[in-house]
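Each chain, written out:
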Amino acid sequence: MQKRANAVTFKGSPLTLVGPQLKAGDRAPDFTCLSGLDKLSLAQTPAKARLFSVVPSLDTPVCSQQTKKFDEALGALKDKLACYTVSLDLPFAQKRFCSSEHITNMQTLSDVHNHSFGEHYGTLIEGLPLALLSRAVFVVDKSGTITYAEYVPEVGSHPNYDAALAAVKAVAG
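A brief look at the structure comes next. In this text the structure is predicted, and so the values were computed from the model without any measurement. (Residues numbered from 1 in each chain as written. Predicted model: local features only at pLDDT ≥ 70, side-chain atom pairs only at ≥ 80, totals over all residues. Heavy atoms only, no water.)

### Here's the deal with the packing of aromatic side chains
Right, so step 1: All told, the structure shown has 11 aromatic pairs when counted by the stated rule.
Right, so step 2: Ring centres of Phe70 and Tyr161 lie 5.5 Å apart, and the angle between their planes is 65°; on these two criteria the pair is classed as edge-to-face. Taken together, the residues Phe70 in helix H1 (residues 61–73) and Tyr161 in helix H4 (residues 161–172) connect sequence positions 91 residues apart.
Right, so step 3: Here the aromatic rings of Tyr121 and Phe138 are separated by 5.2 Å at their centres, their planes lie at 70°, and the arrangement is edge-to-face. Of the two residues, Tyr121 is situated in helix H3 (residues 116–121) and Phe138 in strand E9 (residues 136–140); the sequence distance between them amounts to 17 residues.
Right, so step 4: For Tyr121, a relative accessible area of 0% corresponds to the buried category.
Right, so step 5: The rings of Phe31, Phe52, Tyr84, Phe117, Tyr121, Phe138 and Tyr151 are connected pair by pair, giving a single aromatic cluster. (Phe/Tyr/Trp six-rings, centres within 6.5 Å; stacked < 30°, edge-to-face > 60°. Helix = DSSP H or I, 4+ residues; strand = E, 2+ residues; numbered from the N terminus. Buried < 20%, exposed > 50% of the residue type's maximum accessible area, 1.4 Å probe, protein only.)

In short, shape yes, function no, at least from these values alone.
As structure tokens, this is what we get:
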């Protein structure tokens, strides 16, 4: 498996990411995550525009804000778009978070079972005492091509919401 040393920082310390650095124009790699206790692959997501908002843990402030921001901003597009928050949180914690925060437009995917999303999308952080995904955003069109990819350089920072939302609107419109 490819490793990218010093690909991100966490509180200023450089970390290695496992997997490729994807870019616009690449085919979206397959993965198997948990949606609740059911396995879900890329092929099982709807053949329409998809947003994958990747966060380290929904129990942290920036991850919570990122999920809420996309949930609010993309509600009007829900018929043309499938929106996912991907983390290594257990499905039970993801469900609790969405219920308590009234998240209705973002579906959660847990990569806890085999880390395939993190490894295939290049967001799995190596070298921490706890497995985490690095913050990233991917927009995939209905044909399965990545049209937008952002790896946030500092894990504790926010993604570029304006650029991500513009990319979503371009493929969901």
